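The chain contents come next:
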Amino acid sequence: MTALSLAMAATLYGLGATNPVHAQATTGSIFGTAPVATGETVIAKSASGVTREVAVGADGRYAIKSLPVGTYTVTLRNGGQTIATHDSVAVSVATGIEVPFTAAAITTNAQNLSAVRVVANALPSIDVSSVNSSTIITAADLQKLPVARNAESIALLAPGTVAGSSFFMGPGNKTLVAFGGSSVTENAYYVNGYNTGEPYKNLGGFQLPYGAIDQQETLTGGYSAKYGRSDGGVINQLGKRGTNDWHFGGQVVWQPRFLESNPVNNYYNSHPVIPAPIGPVTYQLENPRQPGTLNQYRADNKEWQTIYSAYVGGPLIKDKLFLFLAAETTRTHSTNVEFAANQLVQYNQDKDNKFYGKLDWNITDNNVLELTALKNNSSIGAGTTYSFDTDTLKSGPFVTNNDVTKDNAQFYLGHFTSYITDNATLSILYGKARFQDPVVYGNHSPLPLIDRADRQDPALLPPGTGSNGIVNSQVNANWTSAQAANGTHGLRVDFDYKLGDHDLSVGIDNMSYKARNQGPDQQNPFNPSLNYFWRYYPGDIVKKRELGWVTSMTMTQKAYYLQDAWQVTPNLLLNVGVRNDHFTNYNDLGKAFVDEKNQWEPRLGVSWDVFGDSSFKVYGNAGRYYLALPDNAAERAANRSTYIVTTYNYTGIDPTTGIPTGLTQIGKPTSPDGEFGLPKDPQQVTARNLKPEYVDEFIVGFDKKLDDHWVYGAKAMWRDLKTAIDDECSPGQIATKMQAMGVNPALTAPGGPYYDSLYGASYCRLINPGLTNNMLVASSDSSHPNMLVPMTMKDWGYQQGVIRKIGSLDLYLEHPFDGKWYGRADYTFSRGFGNTEGQVRSDFGQADVSKTEDWDSWQLMDGQNGELSNIRKHQFRFRGAYQITPEWLVSAVLLVQSGFPKECLGYYGPSGTGDPTGYNLGGAGNYHWCHGVRIPPGSVGHTPWTELLNLGVHYMPAFADHKLGINLDIFNALNQQRAIQTQPVGEAAYDSATNIISINNSYGQGIFWNPPRTVRLSVTYDY
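Source: prediction; values computed, not measured. (Residues numbered from 1 in each chain as written. Predicted model: local features only at pLDDT ≥ 70, side-chain atom pairs only at ≥ 80, totals over all residues. Heavy atoms only, no water.)

What follows deals with the environment of Arg289. Inspection of the secondary structure assignment puts Arg289 in the loop between β19 (282-285) and β20 (294-296). The class for Arg289 is partly exposed, based on a relative accessible area of 40%. Note: C-alpha distance between Arg289 and Ser467 (178 residues apart in sequence) is 7.7 Å. For Arg289, the contacting residues outside a window of four places in its chain are Asp454, Pro458 and Ser467. (Helix = DSSP H or I, 4+ residues; strand = E, 2+ residues; numbered from the N terminus. Buried < 20%, exposed > 50% of the residue type's maximum accessible area, 1.4 Å probe, protein only. Contact = heavy atoms within 4.5 Å.)

Below is the structure:
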């Protein structure tokens, strides 16, 4: 029995073995050895007609690279005569499959070695052609494993991944994934080689219909110089293609409401701790009526779903032209009772339609053209909203039609491959995409939003008012333009040439992005005079908040690379490469405000076949990975924006609208980030010597056979964030430095020529925290020149620069399919520490990419150094399947993880009352201090461990020739519902007149929870 047939079995049953890692790869390779003889060649022919023939080298080795994924027949020939053949060789993406032709086997059967049966007591060879590891899940795996039907759920099967905060949702309203501790915006998504990432903030990506997925590669780290633009992870999907046989099929999936367990309810703290007074400061509960009462009635918050999908594929011209089409429509209904303060219940109807089409044309044996069309159209939230009384648990009058979020994406790709000679291959990929992403609001209310009505002064409420105050029919704080849209286009060219022991590659990788009318609009389209909403605070304080910055911008990303895969010895492979990236971001006027050139990224990988028989491999990888700023960087940073807060006392509340009356303004309008709607100078909004974000990564590992039944291994990884980009909002620190440079203090005071540039439109600037940033300060007086002010870490007041260091160790044990069962178990130990999560903030859901509250002031960073949001110290994974009979199969997926780091955000400093940055004007405490104590993330504990078990039962009856499948999947079979993220804000408000700090009633309570047990039933037919 050959290693080939077991490699095929490993692929079909998703063993996740070590593979070569190419983040945008669409091809794999076949390699091996053969007895040396003159005129000897190896031919690989796929089921879709692709044929490649190469000569066997003088050393008896051969390699066939850049093969489209699929099933191949591999034949050894000499002088036109077939010597030996291997059938059903499954080539996976970015994977080298070893197909050896041994002298002994050829002597035994000189004509045909294809009649090889998969048996139970051998292992596939370890892929020694790779320098790293990834997890590949095939279509066959997806038919068996109980996983949710999206790319992110598949990615969570890979070690080192965690589900991102539910504050951040991708296209189709899918929760995202964090890789190796990085933030959820630092990943890349690809379909058939083209970047399908959400183009504005890079929050997730568009993906194939589930039934059209041929393979998904989940890359958790380390890849060659060919690929870049990610310092997190990569989700790389390849779609199915037509073959020489016609196939068609369909599926119906039903997730019924009545088989879903009731979600657990969420209550305010029953016995909240009131801290001891600090000096004259005393503490009291924000709302004394709320302890132990219902914060969110979740028992009715259920979801039920129906999915219909179909596909067809086959030859239009045998061996020449092939077609594959797939479509999928998902209808989801759900109920959502909001938190008690909102007094609303929504009845939602979501639609998600996907289409995939692929045309493969084998122009000649040496020239192949692939055309792909992909459409993702989703409509989220259609339905109606009613009032809801948490005291009686009853819904009330109709409030409004729901807001409907639409994401309509279309991708068109062309990929040409030319096998110029046995040693030279040219690949050209061009793609173009359009995204229509308006939010079409169903709410026509002309009233302003009433936020936190539960804080309204009880003495001013009419008798009989519920415990959560008075609201109205408005549910929007702002509006989004119906003209919002994005577009991308990209060109990739790769040339590969084999020269002796060297496999040389060179290429370019370019992408362009354009966004129009993005971000919240300030004006209510149904009441043009309304551009604000009201937020209540304890006591008699209310604040009017005005915000809006709908805007446009563009971005380009260009790169070129050089790569050499050098077979130093028969047992030692060395991958050496270098990549150069160039990122440019433009504002709404087409002026560049970020232009990062000459980002040199060295990559080094090594693979050692220790015994020379593919039974034990030691490998390592070291590389540098740069990350671009997404298009969103211009929003609020380089373009006009408005965020104004005006504070009032009030003496009454309108009993029908909740609008405050008897207003007396307190002080002048303020803006937390100086956003008064003024234009911004692109030269002032970024440091003049700004450097791009990058990570250095180091990996070492091994894979080894354990007798004839098991394989095991380990991988250690270290990631160090060297440079990050975020914004600072501390103009006073720049003024202080200017004065230290000898500038007259009067020039930087109100009315001075340098004042407007500091406190006006360019209040916040993009910098590299921890490095010396040269800040341009313009003068409004021609008699005073513009100044370049070098701001060191000390000048900003920071105690530390950027820190995000993450180490992990993964241990795995795997049993390949032996005719009866397979399984894989991983244990991953991770430690991460630092003062920045990355481009977003998961603790309170801030999605201003690279413009988070981090680094806005040194006080906001005081106490920030602690545990990282996307690290789980302990993770255990298992996936497997057991073939009870040819008709019955059972499967399971288990994910066990330790918890999310908790924190307490409040007012600054040991006095317990500080707000030096002014951000508490917009809400509650924002500092890593609570009750006068510094509290770094994770220092007050973690959310509970979670143990999520999914089970599957699959029946494929013999009377239907095993083409009919009846499936039952149970998700969260143990119905374990635990909070996976909790409320981090500990202090709700501070009243300086009375020296009273209000304690947040819901501090430490769940924000997001494990979903309850659900059941999925499905029927499939594949012909």
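For the rest of this paragraph, the subject is the packing of aromatic side chains. Under the counting rule described, the total for this entry stands at 30 aromatic pairs. Here Trp710 and Trp821 contribute two aromatic rings whose centre-to-centre distance is 5.9 Å and whose plane-to-plane angle is 70 degrees, an arrangement assigned as edge-to-face. Of this pair, Trp710 sits in strand β45 (residues 710-723) while Trp821 sits in strand β51 (residues 821-834), and the two are 111 residues apart along the sequence. Residue Trp821 is classed as partly exposed on the basis of its relative accessible area, which comes to 28%. Of the aromatic side chains, those joined through ring pairs into one cluster are Tyr194, Phe206, Phe411 and Phe435. Residue placement shows Lys704 over the ring face of Phe616; its charged tip is 5.5 Å from the ring centre. (Phe/Tyr/Trp six-rings, centres within 6.5 Å; stacked < 30°, edge-to-face > 60°. Lys NZ or Arg CZ within 6 Å of the ring centre and 35° of its normal.)

The grouping of Ile420, Phe495, Tyr497, Leu499, Leu504, Val506 and Leu562 at the surface amounts to a nonpolar patch, some 580 Å² of accessible area in total. Taken together, the elements giving at least two residues each to the nonpolar patch come down to β31 (485-499) and β32 (502-518). Per-element tally for the nonpolar patch: the top contributor is β31, with three residues. You can see Phe495 is positioned in strand β31. Taking the relative accessible area as the measure of exposure, Phe495 reaches 31% and is therefore partly exposed. (Patch = residues over 30% accessible without salt bridge, like charges linked within 9 Å, V, L, I, M, F, W, Y side chains within 5 Å. Areas by Shrake-Rupley, 256 points an atom, 1.4 Å probe, with all protein chains shown as cover. Salt bridge = Lys/Arg side-chain N within 4 Å of Asp/Glu carboxyl O.)

Within helix α5 (residues 731-740) the residues assigned to the buried category are Pro731, Ile734, Ala735, Lys737 and Met738. Angular distribution of buried residues about the axis of α5 spans 160 degrees; they occupy a single face of the element. Phi turns positive one or two residues past the end of α5, at Gly742, with a value near 100 degrees. (Arc of directions from axis to C-beta.)

With that out of the way, let us pick up the pattern of salt bridges. Tallying each qualifying case throughout the model produces 37 salt bridges. A salt bridge links Glu370 to Arg241; the shortest N-O distance between them is 3.4 Å. On the criterion of sequence distance, the pair formed by Glu370 in strand β24 (residues 367-389) and Arg241 in the loop between β16 (234-239) and β17 (247-255) is long-range, its members being 129 residues apart. With respect to class, Glu370 is no different from Arg241; both count as buried.

Quick look at the sheet that holds strand β43 (residues 664-670) now. The five strands are arranged β29-β34-β35-β40-β43 in an open sheet whose pairing can be described as mixed. Looking at the sheet topology across the chains shown, the edges are occupied by β29 (450-451) and β43. As paired strands, strand β34 (residues 533-537) and strand β35 (residues 541-548) are joined by five bridges and run antiparallel to one another. Pairing of Tyr537 across the sheet is with Ile541, part of β35. (Pairing = 2+ DSSP bridges.)

Turning to the nonpolar core, a few remarks are in order. Core analysis: the biggest nonpolar cluster contains 34 residues, and Phe593, Ile734, Met738, Tyr754, Leu766, Val789 and Trp796 have the highest contact counts within it. Looking at this core, the elements that each hand over two or more residues are β38 (592-609), α5, β47 (765-767), β48 (773-777) and β49 (787-791). Top element by residues in this core is β49. It accounts for three residues. If near-sequence neighbours (up to four positions away) are discounted, Met738 is found in contact with Val743, Thr748, Tyr754, Val777, Met787 and Val789. (Core = buried A, V, L, I, M, F, W, Y, C linked by side-chain atoms within 4.5 Å.)

Of note in the backbone geometry, Asn517 takes a positive phi value of approximately 55 degrees without being a glycine. Checked against the element boundaries, Asn517 lands in strand β32. Given a relative accessible area of 27%, Asn517 falls into the partly exposed group.

Next up on the list: the side chain of Gln296. Structurally, Gln296 can be placed in strand β20. Once residues within four sequence positions are removed from consideration, Gln296 is found in contact with Asn265, Asn266, Asn301, Asn336, Val337, Glu338 and Phe339.

Once that is clear, we can look at the state of the cysteines. Overall, the coordinates contain two disulfides when judged by the stated rule. The disulfide partner of Cys729 is Cys764, and the S-S distance across this bridge is 1.9 Å. Residues Cys729 and Cys764 share a disulfide whose torsion about the S-S bond is about 115 degrees; that sign makes it right-handed. With Cys729 in the loop between β46 (726-728) and α5 and Cys764 in the loop between α7 (755-759) and β47, the pair connects residues that are 35 residues apart, well separated along the chain. (Disulfide = S-S within 2.5 Å.)

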